[in-house]
Amino acid sequence: MATVTKPHPLKGPNRFKLGIFSTNADGGLAMTTVEERWQARWSDTVTAAQIADRAGLEFTLPIARWCGFGGQTHAREWSFETFTWAAGIAAATERIGIFSTVHVPLVHPVYAAKALATVDHISGGRMGLNIVCGWNPAEFAMFGATKVERPYDMAAEWVRIIERAYASPVPFDFDAVYYQLTSVVSRPASLQMLRPVSMNAAFGDPGRNFAAANCDYLFSTFTNLEDGAHHVQDVRARASKHGRNVGVYTVLHVVCRETEKEARDYYDHFAVEMADHGAVDEHMAKKKEFANSHDDEAFNTYRQRVAAGEGSYPLVGTPEQIVAELGRIAEQGYAGAALSFVNYTYELPFFCDRVLPLMEQAGLRIA
Amino acid sequence: MTALPRPPTHPAHFRQAMQVLASGVAIVTAADDSHMPIGMTATSVTSFSMDPPSLLFCANRTGSMAPHLVAGRAVGISILAGNQADVAGAFAGMTGLRGAHRFASGNWVRGSLDVPILLGARCAIECSIDEVIDRYTHRIVICLVHRVHPGKVDDPGLIADSGRMSSFAPPPLPPGAAR
């Protein structure tokens, strides 16, 4: 058996860890019609992962989408399935952490256990699991899936089955509310023990309690920095009830340019003038809190953030401004961020060359 | 020659004496009856014989680990580095976590005998239990060494001394000295 000699990259020494988000799907996190929009061809997503790998970023995190947001670009309709995507990325990289993003109700835990272990072996212990319990009616209708009453209870069983499948060298039965399984066995087990690192993204009580009890990391977006600190404190308090530490990460969309004007102009260009308004409308139709506030400045700001990064927080400016903002985010207690760009392969090299050294100077990273 | 009488007990004095016997700190890992990983912090890991390579450690018979330490089963011994006091605390029960939940502390990977071994430890050893001897309150566990995983051998070690754990680096070797 291969001996793993390095901890998973998310357990490495940097104070503020970085990854790239959604390179497996068209547009990345953006809904824009600009010519250079992310096409997510296989060569694109591999190149982005390799740039991040060589620069020492900690992870690459895919999104799981089965249908898109519509609009002119059919945003996200094109996306690579994330276990098979992760296997390919693992073989093409050397040290970056790799996630699969898995919908619990759509993927059987015994299948997930085997796929996850396979990529953990391909990657030499760099694999991770992003556990998704949310219910998207349009996507789940494609599967003819039936909505469950308590999705996070189902997810807790799902995780237990994977952990037991890895632990047990002999077949075992599992009999609980959501799963009744006979003579389960899954070899090889993952290299990481008890299982590959796991994360989820949740705002509500059930999701955050699930993460506090079962996950190593929780991703949480915020609208302004002050709210950000509250999310971190909330997750820490819940995790400490279980005697656990859960690292809190966020999602940021990035426009980093030599001057602030260039960055601002491009931000308005791709995410306002050239936004895929149809896709943005469809995405925002679900955000009821903004439905009746069409003239509001907050609404326009939010709309731009949706077009630029599905409502995540913006990181727009010069390398110096971006590092200062990352420092403020770290001060709120965040352990890292998943980043999106309009075009990862065009923009990551400048970001890595200019931002990472400044982060070292600022004490946010050591390598 | 007549046998000495059973010694009078002075637990406090004995504890005091043993507390100043500084020792390395290790995490012993194994599997419970449902094959889930379990582990405990141990300061009793001792080299036993070179032929065959073997070691022993002791576990309290009333602890959760002892029932699972039986002949033929695999155990992992991870010898902690000075910066792993938090892992030692978790596996000594300080966080309140029990059973497999303790493995959230530290970076654990699967060894060749399927037992957890700790990355960042100075060394990890995979063993099979050859024999156990129950005596007084404790179980003496004699282990045959299957595989040694050298780790951060040059890092300071974690030492338990006087009821506390601390990082201890051996003084540098004089110039020209062989290891």
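A quick note: this is a predicted structure, and the numbers were derived from the prediction, not measured.

Trainee: Can you break down helix H10 (residues 297–309) of chain A residue by residue, with the values?
Mentor: Each turn of an α-helix holds 3.6 residues, which means side chains three or four residues apart point in the same direction. All names here are of chain A. Helix length check: H10, at 13 residues, gives a terminal C-alpha distance of 18 Å against a target of 18 Å (1.5 Å per residue), a fit within 8%. Looking at H10, one finds that the buried residues are Phe299, Tyr302, Arg303, Gln304, Arg305, Val306, Ala307, Ala308 and Gly309. On its buried side, H10 packs onto strand E10 (247–256), helix H8 (260–273), helix H9 (277–284), strand E11 (313–317) and strand E12 (336–340). Remark: Glu310 follows H10 within two positions and exhibits a positive phi of approximately 50°.

Trainee: Requested: an account of the packing of helix H1 (residues 42–55) of chain A against helix H12 (residues 344–361) of chain A, with residues and values cited.
Mentor: Residue and element names in this part refer to chain A. Between H1 and H12, the shortest axis-to-axis distance is 9 Å and the interhelical angle comes to 10°. The pairing of H1 with H12 is recorded here as roughly parallel in orientation. Of the residues in H12, those touching H1 at Asp44, Thr47, Ala48, Ile51 and Ala55 are Tyr344, Thr345, Leu348, Pro349, Cys352 and Leu356. Residues that form the contact of H1 with H12 fall into these classes: 8 nonpolar, 2 polar and 1 charged.

Trainee: Before we move on, can you summarise unusual backbone geometry with the specific residues and values?
Mentor: A:Arg187 connects to A:Pro188 through a cis peptide bond whose omega is 5°. Mapped onto the fold, A:Pro188 is located in the loop between strand E6 (180–184) and strand E7 (192–193). Cis peptide bonds are those with omega within 30 degrees of zero, and the linkage from B:Asp51 to B:Pro52 qualifies with 0°. The backbone of A:Arg76 sits at a positive phi, close to 70°, despite the residue not being glycine. Its place among the elements puts A:Arg76 in the loop between strand E2 (59–61) and helix H2 (82–92). At B:Tyr136, a residue that is not glycine, the phi angle is positive and equals roughly 55°. For B:Tyr136, the position within the fold is in the loop between strand E9 (123–135) and strand E10 (138–150).

Trainee: Summarise the interface of chain A and chain B; cite the residues concerned and give the values.
Mentor: In this complex, chain A contributes 24 residues to the contact, which on the side of chain B involves 21 residues. Carbon and sulfur atoms supply 59% of the area buried between chain A and chain B, which totals about 1,900 Å² over both sides. The interface formed by chain A and chain B contains 1 salt bridge. The shortest N-O distance in the salt bridge between B:Asp114 and A:Arg187 comes to 3.4 Å. For the interface between chain A and chain B, the tally reads 6 residue pairs in polar contact (both at pLDDT 80 or more). Those elements giving two or more residues to the side of chain A that touches chain B turn out to be helix H5 (151–167) and E7 of chain A. In terms of residue count, H5(A) provides more of the side of chain A that touches chain B than any other element does, 4 residues in total. Classifying every residue of the side of chain A that touches chain B gives 11 nonpolar, 7 polar and 6 charged.

Trainee: Which residues make up the side chain of A:Gln304, and what values do they have?
Mentor: All names here are of chain A. Tracing the backbone through its elements, the reader meets Gln304 in helix H10. Residue Gln304 is classed as buried on the basis of its relative accessible area of 15%. Here Asp268 takes part through its side chain, which lies 2.9 Å from a polar atom of the side chain of Gln304. Among residues more than four places away in sequence, those in contact with Gln304 are Tyr267, Asp268, Ala271 and Val272.

Trainee: Describe the sheet that holds E10(B), listing the residues and the values that go with them.
Mentor: Residues and elements named next belong to chain B. Read across the open sheet, the 7 strands follow the order E3-E2-E6-E9-E10-E5-E4; overall the sheet is antiparallel. Strand pairing shows two members of the sheet lacking a second neighbour, strand E3 (37–42) and strand E4 (46–50), which therefore form its edges. Recorded for the sheet is a direction-independent mean angle of 35° between the axes of neighbouring strands. Here E9 pairs with E10 via 12 bridges, running antiparallel. Among the inter-strand pairings, Ile125 is bridged to a residue of E10, identified as Val148.

Trainee: Tell me what's going on with the packing of aromatic side chains, and back it up with residues and numbers.
Mentor: Residue and element names in this part refer to chain A. Applying the stated criterion across every chain, the model contains 19 aromatic pairs over all chains. Centroid distance Tyr267 to Phe270: 6.0 Å. Interplanar angle 55°. Geometry classified as tilted. With Tyr267 and Phe270 both in helix H8 and 3 residues apart, the pair spans about one turn of that helix. No difference in accessibility class separates Tyr267 from Phe270, as the two residues are buried. Through a chain of ring-to-ring contacts, the aromatic side chains of Phe59, Phe99, Tyr217, Phe219 and Tyr249 assemble into a single cluster.

Trainee: A description of the sheet that holds strand E7 (residues 107–110) of chain B should follow, citing residues and the corresponding values.
Mentor: Judged by pairing direction, the sheet is antiparallel, and its 3 strands sit side by side in the order E7(A)-E7(B)-E8(B) without closing on themselves. Of all strands in the sheet, those with a lone pairing partner are E7 of chain A together with strand E8 (116–119) of chain B, marking the two edges. Here E7(B) pairs with E8(B) via 4 bridges, running antiparallel. Paired with B:Arg110 across the strands is B:Pro116, a residue of E8(B).

Rules used in this analysis
- Residues numbered from 1 in each chain as written.
- Chains lettered and ligands numbered in written order.
- Predicted model: local features only at pLDDT ≥ 70, side-chain atom pairs only at ≥ 80, totals over all residues.
- Heavy atoms only, no water.
- Helix = DSSP H or I, 4+ residues; strand = E, 2+ residues; numbered from the N terminus.
- Expected span 1.5 Å × (residues − 1).
- Buried < 20%, exposed > 50% of the residue type's maximum accessible area, 1.4 Å probe, protein only.
- Contact = heavy atoms within 4.5 Å.
- Axes fitted to C-alpha atoms, helices over the stretch in contact; angles between N-to-C directions.
- Parallel < 35°, antiparallel > 145°, perpendicular 65-115°, else oblique.
- Nonpolar A, V, L, I, M, F, W, Y, C, P; charged D, E, K, R; others polar.
- Buried area = accessible area lost by both parts, 1.4 Å probe.
- Salt bridge = Lys/Arg side-chain N within 4 Å of Asp/Glu carboxyl O.
- Polar contact = N/O pair within 3.5 Å; in protein donor to acceptor, adjacent residues only side chain to side chain.
- Pairing = 2+ DSSP bridges.
- Phe/Tyr/Trp six-rings, centres within 6.5 Å; stacked < 30°, edge-to-face > 60°.

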